[in-house]
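Secondary and tertiary structure notes
The primary structure of each chain is shown beneath.
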Amino acid sequence: MKNTEGTGNMTRRGILKGGAGLALGGVLGSGAQTEAGPSLPKASVYETLGVKHVINATGTVTILGGSLMPPEVVNAWVEASRHFVNLAELQDRVGERLAGLLGVEAALVTTGAAGALLLGTAAVVTGGKADFIKRLPDTAGMKNEVILQKAHHSCYDNQLTGAGVKLIEVESPADVHKAVTKRTAVMFFINFAEPEGRIQRGEWLELARRHAVPTLLDAAADVPPVARLAEYNRMGFDLVAFSGGKALRGPNNTGLLLGRKHLVDAARRNASPHCGTIGRMMKVSKEDMVALLAAVEHYLHLDHQAEWREWERRIGVIEQALKDIPTLECQRVVPPIANHVPHLILAWDEKRLKLTRERLTRQLAAGDPPIQLGRVSGTGDKGVLISVFMLQAGEEQIVAERLRAILMG
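The sections below set out a description of the structure shown in this document. Every chain is numbered independently, its residues counted from 1 as its sequence is written. Totals for whole chains, interfaces and linings use all residues, but because this is a predicted model, local features are given only for residues with pLDDT of at least 70 and pairs of side-chain atoms are given and counted only at 80 or more. To obtain the side-chain values, all non-hydrogen atoms of the structure were used and water was disregarded.

Only protein chains enter the calculation, and the probe is 1.4 Å; a residue is then buried if its accessible area is under 20% of its type maximum, exposed if over 50%, and partly exposed in between. In this text, helices come from DSSP runs of H or I with a minimum length of four residues, and strands from runs of E with a minimum of two, each type numbered from the N-terminal end. For helix 11 (residues 261–269), the full list of buried residues reads Leu263, Val264, Asp265, Ala266, Ala267 and Arg268. Next to the buried residues of helix 11 lie helix 4 (87–102), strand 2 (106–110), helix 5 (112–126), strand 7 (239–243) and strand 8 (255–259). Here a residue-residue contact requires only that any non-hydrogen atoms of the pair lie within 4.5 Å.

This is the structure in structure tokens:
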């Protein structure tokens, strides 16, 4: 195939040469000096686009950008952007460093936990065989069935079926015994759904071992605690998917696939930069690989107890501001699996205060700046849920004041 990248780049450079000043001036140049006098405060790149900053009282959700990268991670990303390297070699070296840091056999940086699920599925289906890899999502003649519990279906099913597999539902251990055949590629478990399923993690692993079937675990939001980064592999899961852009605070579009070396190697062979693979579309840049490594190193050295105390302090600020509101109840909760950090549930007599929780949520979102609430698994359906996990310095006070104003009517 003829290489046309050089010509394409020349064309793009020609276009950008004439238009760069306008584009950069529009997005980044709002603080420039003018003849009228000194420069005005510089607007952010988001404000120049008419996109408002949001106070994130939901948590590490993708729709809000996951998390904010610490300076060390941003600096690593910028440094990586200044040089060309061999991506395949970098992928290997970063994976080796991550595996050593975390105490697992092997690691691969992916496009989010979702990307890790697709590549993990591709790994067990193809076994890393070149003739199978180039055929995906056509899985004829391969092991192409994934067993999961009925309660473990989610919006992430597509990350499995995207590799060309069929999902086989089970509910009981007896169902598993019947479902396993020569076509079974992997047994999948989604961690936050454990309470809803009849088969718990340990029994799922035992069933998989009995039938000699690999296991894939979705643990996207299961950090903190930090120990979980290696715990699930040590329990016996062959492949584990984590988000790199949630509590680890790497780039939002990164993830980790951790596990058995031969399976992670097979996943890598299904991934970019290799051509003719199902993972070619899910490119992980050199900047993202280096930044996620920096994020993991940063996270492993954090004082996690001090972090927890800070989250509790933020909740205390909100509780103190609302303590005299009639009928209001404050309840601190920590989800047992995913998003395992302190949250605050607020509930009140909606008739007496003439305020529904839906209206409160809408009013917070309509304010300036918008405050975004949400609900994470393991916190029930009572009242409204406040996450202080991703609040920036001082935002807990803003949240407290706005809540009080709305609740007091």
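As a further point, take a nonpolar patch on the surface. Only residues whose relative accessible area exceeds 30% and that take part in no salt bridge are eligible for patches, with like-charged residues grouped when within 9 Å of each other and nonpolar side chains (Val, Leu, Ile, Met, Phe, Trp, Tyr) grouped when within 5 Å. Working definition of accessibility: Shrake-Rupley area with a 1.4 Å probe, residue cover restricted to the visible protein chains. Salt bridges are defined by distance alone: a side-chain nitrogen of Lys or Arg within 4 Å of a carboxyl oxygen of Asp or Glu. Nonpolar side chains collect at one region of the surface, where Val45, Tyr46, Leu49 and Val51 lie side by side and expose about 390 Å² of accessible area between them. With respect to the secondary-structure elements, Val51 resides in the loop between helix 2 (45–48) and strand 1 (55–56). On the basis of relative accessible area, Val51 is assigned to the partly exposed category, the value being 43%.

Looking now at helix 9 (residues 201–211). All buried positions along helix 9 are accounted for by Arg201, Trp204, Leu205, Leu207 and Ala208. Along the long axis of helix 9, the arc covered by the buried residues comes to 160°, so they all point the same way. Structurally, helix 9 contributes buried residues whose contacts are with strand 3 (145–149), strand 4 (166–170), helix 8 (173–179), strand 5 (184–190), strand 6 (215–218) and helix 10 (228–235). Looking one or two residues past helix 9, Ala212 carries a phi angle of roughly 55°, positive in sign. Here the arc refers to the directions that run from the helix axis out to each C-beta atom.

A pair of strands is considered paired only if DSSP assigns at least 2 bridges between the two. Spatially, three strands are ordered 9-10-12 in an open sheet, and the strand pairing comes out antiparallel. Single-partner strands in this sheet number two, and they are strand 9 (329–333) and strand 12 (384–387). With direction set aside, neighbouring strand axes in the sheet form an average angle of 25°. Here strand 9 pairs with strand 10 (residues 343–347) via five bridges, running antiparallel. Bridge pairing in strand 10 links Gln331 to Ile345. Here an axis means a line fitted to C-alpha atoms, over the contact stretch when the element is a helix, while the angle between two N-to-C directions is reported on a 0 to 180 degree scale.

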